[in-house]
Amino acid sequence: MRPLIRMCCLLPVLGLAACGAEDDDSFEQQKAPATEPANHTVDSANRLRAPYAYNRNGSMTGVYGALEAGESDYYSVTLDFFDAGNHQIWLKDLSNDLDLEVIDWNDQSFLSQGSDISNEVIYLNTGSVGFFGDGPDEVRILMRVFGKTDTAAGHFTLEFWTYDG
């Protein structure tokens, strides 16, 4: 009888632990249109869901990708006032020398071109996004992953982190 009581007491605890566990939906993306299944242009960029900004430890969205030689892969995130803050865009887990470009809503380009297979990171702030007032209602951040050379191809992880701003 005693083991049965212990098991019944543990079930709610296990259920709470399961509810708190993160599912791996942070790497979901909306694929490019069927007319161009690859995301090799700005217009066909795969959209990542916006990370939730109000988490003091940061929140993340991202994608596992593979780049073919001579191509660029494009991804985008659309942020509104509730997603605004300080951001870190990471290109990591590289199997070849790949680079990262981030283009903000003002068409300003930021490049990270480290050597070899080291992680690439770009920092960005979207504090000017407004709910009311002078700032834009939402902004689109475009990310481009490309090879250091025309023959560079490989796998990568692209992460878009947001911290309270």
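Residues numbered from 1 in each chain as written. Predicted model: local features only at pLDDT ≥ 70, side-chain atom pairs only at ≥ 80, totals over all residues. Heavy atoms only, no water.

Student: Explain the environment of E71 residue by residue, including any values.
Tutor: Assignment of secondary structure puts E71 in the loop between β3 (59–67) and β4 (72–80). Judged by its relative accessible area of 26%, E71 is partly exposed. Sequence separation of E71 and H40 is 31 residues, and the distance between their C-alpha atoms is 6.7 Å. For E71, the side chain forms a polar contact with the side chain of H40, separated by 3.1 Å. (Helix = DSSP H or I, 4+ residues; strand = E, 2+ residues; numbered from the N terminus. Buried < 20%, exposed > 50% of the residue type's maximum accessible area, 1.4 Å probe, protein only. Polar contact = N/O pair within 3.5 Å; in protein donor to acceptor, adjacent residues only side chain to side chain.)

Student: Any details on the pattern of salt bridges? Residues and values, ideally.
Tutor: Applying the stated criterion across every chain, the model contains 2 salt bridges. Here R144 makes a salt bridge to E101, at a shortest N to O gap of 2.7 Å. Linking R144 in strand β9 (residues 138–147) with E101 in strand β6 (residues 98–103), this pair joins segments that are 43 residues apart in sequence. Of the two residues, R144 and E101, both sit in the buried class. (Salt bridge = Lys/Arg side-chain N within 4 Å of Asp/Glu carboxyl O.)

Student: Tell me what's going on with unusual backbone geometry, and back it up with residues and numbers.
Tutor: A positive phi angle, near 55°, is found at D93, a position not held by glycine. With respect to the helices and strands, the residue D93 is situated in the loop between β5 (86–92) and β6. We classify D93 as exposed; its relative accessible area is 52%. Phi is positive for D107, close to 60°, though the residue is something other than glycine. Tracing the backbone through its elements, the reader meets D107 in the loop between β6 and β7 (109–112). For D107, a relative accessible area of 65% translates into the label exposed.

Student: Run through the packing of aromatic side chains, naming residues and quoting values.
Tutor: Applying the stated criterion to the full structure yields 2 aromatic pairs. Geometrically, the ring pair formed by Y75 and F156 is edge-to-face, given 6.3 Å between the ring centres and 75° between the ring planes. Of this pair, Y75 sits in strand β4 while F156 sits in strand β10 (residues 154–163), and the two are 81 residues apart along the sequence. Here Y75 matches F156 in class, with each residue buried. Here the aromatic rings of W161 and Y163 are separated by 6.1 Å at their centres, their planes lie at 10°, and the arrangement is stacked. Classification of W161 as partly exposed rests on a relative accessible area of 22%. Since its relative accessible area comes to 24%, Y163 is described here as partly exposed. (Phe/Tyr/Trp six-rings, centres within 6.5 Å; stacked < 30°, edge-to-face > 60°.)

Student: Please give an account of the nonpolar core that cites residues and values.
Tutor: Among the nonpolar cores identified, the biggest contains 24 residues, and M143, F156 and L158 are the most heavily contacted of them. Listed by contribution, the elements that provide at least two residues to this core are β3, β4, β5, β6, β8 (120–125), β9 and β10. Of the residues forming this core, the biggest block, 4 residues, is contributed by β9. (Core = buried A, V, L, I, M, F, W, Y, C linked by side-chain atoms within 4.5 Å.)

Student: I'd like to hear about the sheet that holds β10, residue by residue, with values.
Tutor: Strand order in the open sheet formed by 4 strands is β3-β10-β5-β8, with antiparallel pairing between adjacent strands. Pairing within the sheet leaves two strands with one partner each, and these edge strands are β3 and β8. Averaged over all pairs of adjacent strands, the angle between their axes in this sheet comes to 15°, without regard to strand direction. As judged from the 6 bridges shared by β5 and β8, these two strands associate in the antiparallel manner. The partner of I89 across the bridge, within β8, is I122. (Pairing = 2+ DSSP bridges. Axes fitted to C-alpha atoms, helices over the stretch in contact; angles between N-to-C directions.)

Student: Describe the environment of W90, naming the residues involved and giving the relevant values.
Tutor: Assignment of secondary structure puts W90 in strand β5. Assessed through its relative accessible area of 22%, W90 is described here as partly exposed. The spacing of W90 and L158 is 68 residues in sequence and 5.7 Å in space, taken between C-alpha atoms. When near neighbours in sequence (up to four residues on either side) are disregarded, W90 contacts N119, E120, V121, T157, L158, E159 and W161. Within the local environment of W90, its side chain forms a polar contact with the side chain of Q88, the two groups lying 2.9 Å apart. (Contact = heavy atoms within 4.5 Å.)

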